[in-house]
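Residue-level structural notes
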Amino acid sequence: MSDGLAEGIISRLSQLSELEKVISSTSMRRYKDQDVDAGTVVQEVDVGAVVTGNMTSQGENLRIYVELVDAQNNSTLWGKTYTRPRSALYEMEESLSKEIADALGLQLSGKEQEQLAKRYTNNSEAHEAYLKGQAEYAKLTGETVDNAIQHFKKAIEKDPNYARAYTALSRSYYSLAVFLDAIPVQEGMPLAEEMAKRALEIDNTLAEAYAALGDFKRAYYWDDLGAEREYKIALELDPSSYRAHYGYSFALSTMGQHDEAIAQIRRAQELDPLSLEARQAVALHFINARRYSEAIEQSEAALEINPDFQLAWNRMGYAYFLMGQYQEAAVAFQRDQILGGASQEEVAGLADAAASGKEAFSRWWLDYETESLKRGESVSPVTFAGIYTYLGEKDQAFEWLEKAFAERETGLTFLKVSPAWDPLRDDPRFTDLLLRMPLMP
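Quick look at the structure, then. (Residues numbered from 1 in each chain as written. Predicted model: local features only at pLDDT ≥ 70, side-chain atom pairs only at ≥ 80, totals over all residues. Heavy atoms only, no water.)

Moving on: helix α14 (residues 276-288). Here α14 spans 19 Å end to end across 13 residues, near enough to the 18 Å set by a 1.5 Å rise per residue. Judged by how many residues are buried, α14 sits mostly within the fold: twelve of 13 residues are covered. What α14 keeps buried is the set Leu276, Glu277, Ala278, Gln280, Ala281, Val282, Ala283, Leu284, His285, Phe286, Ile287 and Asn288. Capping the start of α14 is the job of one residue whose side-chain oxygen sits 3.0 Å from the backbone nitrogen of Ala278: Ser275. Following α14 by one or two positions, Arg290 adopts a phi angle in the positive range, close to 65 degrees. (Helix = DSSP H or I, 4+ residues; strand = E, 2+ residues; numbered from the N terminus. Expected span 1.5 Å × (residues − 1). Buried < 20%, exposed > 50% of the residue type's maximum accessible area, 1.4 Å probe, protein only. Polar contact = N/O pair within 3.5 Å; in protein donor to acceptor, adjacent residues only side chain to side chain.)

Here it is as structure tokens:
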């Protein structure tokens, strides 16, 4: 519930125009249960003030202490202790957000005052279930997201008009289908879209719901212009929305607007400076812009934060491969696969194959993924299409691309711009495939 309270305050403050940025909860969660002062935080995430606090349970009551610290000189600007019944937790989110804004000396417009005081539910049990769901979702594994879904469903059961719970459900289904590969895309994405639309039917001012619709239009319908419209609405409602800046960067990248895409993801990084997700995204955008060395630098920066971040090794290997540095690519891909569950013996042969060049590397890769498929493991059709492209076997590449198209694989999102498909671009079949995108709702 403490995590959820922090998330709610961040969400409310991020919509205030006088605040240049409010750091996302994913970066701030790093400091949970750690004895760090505001000076340390300001150096790492570049802010002017820090809100700290703690919550303890006393029977049916909660004791909450909150402090606002000037990060430049570590002095306390404001602090207060509250004792409230658990049922009043939602009221605390509203009052704390208002008192923090007052302590910062912000001049709020009438609309912003309404936004700070906005009540998304009047049911305390629904709100508590929502907070528990948020805490589970933050761990971002298949099991914890499933747990989060059950909490969000309970919140909706207690209050069928709880719009933010529908948005949280939407994000959970999207993550299961896209990030975690825990459910088929064709199962998860329609559910995610349905939940986001339901949220907007209840409350059409939810920035996070518009950002979610942008994600679906971009990744499921391949409708970049439609996605751009949704992200712009989200950013008008909440200029500090990490999710909207993050998603918008992908839409711009797929449209070939690489500089603009990198600017958007850089803004997302400012809002969530410790986000590994943003690091891998900017690496991918650099790859699409054919700026491979910079993509490798971003991957290395992510690995400094977490050496076991699998996607960073994947991006690095991809960049090295496109640069023709196959042995360096092999090292990165081996690490990527081992972190994904492969044994050292299963990937040992890649180093020898890489020493013989691109064709041997690609042939080893094809055999490896074919064996994975035989074992019943999930391998995207886009992966096979890419390997056959590298081998120059275009007929097989197009067979797998058509399979990916039929299954609405999100890996086709970058078909227009990814360097992986450059050898196919002068083939009429490739032009035909592009003409069939986007798929409109």
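Text resumes after the structure shown.
The next thing to look at is the packing of helix α9 (residues 185-202) against helix α10 (residues 207-219). As a packed pair, α9 and α10 sit with axes 9 Å apart at the nearest point and diverge in direction by 150 degrees. What the angle tells us is that α9 and α10 run roughly antiparallel. Once α9 is placed against α10, the crossing between them reads as left-handed. Across the interface between the two elements, Met189, Ala192, Glu193, Ala196, Lys197, Ala199 and Leu200 from α9 touch Ala209, Tyr210, Ala212, Leu213, Phe216 and Ala219 from α10. A breakdown of the residues in the contact of α9 with α10 according to their chemical character gives eleven nonpolar, no polar and two charged. (Axes fitted to C-alpha atoms, helices over the stretch in contact; angles between N-to-C directions. Parallel < 35°, antiparallel > 145°, perpendicular 65-115°, else oblique. Left-handed = near helix turned anticlockwise from the far one by under 90°. Contact = heavy atoms within 4.5 Å. Nonpolar A, V, L, I, M, F, W, Y, C, P; charged D, E, K, R; others polar.)

With that settled, consider unusual backbone geometry. Look at the link from Met437 to Pro438: it is a cis peptide, with omega at 5 degrees. Within the fold, Pro438 resides in the segment after α23 (428-435). One non-glycine residue with positive phi stands out, namely Asp46, at about 60 degrees. Mapped onto the secondary structure, Asp46 falls in the loop between α3 (38-45) and β1 (49-58). For Asp46, a relative accessible area of 55% gives the class exposed. Residues other than glycine seldom take positive phi values, yet Asn74 does so here, at roughly 65 degrees.

Applying the stated criterion across every chain, the model contains 32 salt bridges. With a closest N to O distance of 3.6 Å, Glu99 and Lys80 form a salt bridge. Of this pair, Glu99 sits in helix α4 (residues 89-103) while Lys80 sits in strand β3 (residues 75-85), placing them 19 residues apart in sequence. The exposure class of Glu99 is partly exposed, given its relative accessible area of 22%. Here Glu228 ties to Lys232 by a salt bridge, and the two come within 3.8 Å at their closest N and O atoms. With Glu228 and Lys232 both in helix α11 (residues 224-237) and four residues apart, this pair spans about one turn of that helix. Here Glu228 falls in the buried class, since its relative accessible area comes to 14%. (Salt bridge = Lys/Arg side-chain N within 4 Å of Asp/Glu carboxyl O.)

The strand order β1-β2-β3 describes an open sheet built from three strands, whose pairing is antiparallel. Only two strands of the sheet have a single neighbouring strand rather than two, namely β1 and β3. Taking the axes of each pair of neighbouring strands and ignoring which way they run, one obtains an average angle of 10 degrees across the sheet. Strand contacts of α4: β1, β2 (61-70) and β3, with the helix running at about 165 degrees to β3, the strand carrying the most contacts. (Pairing = 2+ DSSP bridges.)

This next bit is on the nonpolar core. What tends to happen in soluble globular proteins is that the nonpolar side chains get buried as a cluster. Ranked by internal contacts, the top residues of the largest apolar core, which has 73 residues, are Leu13, Leu16, Leu96, Tyr130, Met189 and Phe216. For this core, the leading source of residues is helix α8 (residues 163-178), giving ten residues. Discounting chain neighbours no more than four positions away, the residues touching Leu96 are Leu5, Ile9, Val66, Trp78 and Tyr82. Listed in part, the 67 residues of the second largest apolar core include Leu271, Phe286, Leu350 and Tyr368. (Core = buried A, V, L, I, M, F, W, Y, C linked by side-chain atoms within 4.5 Å.)

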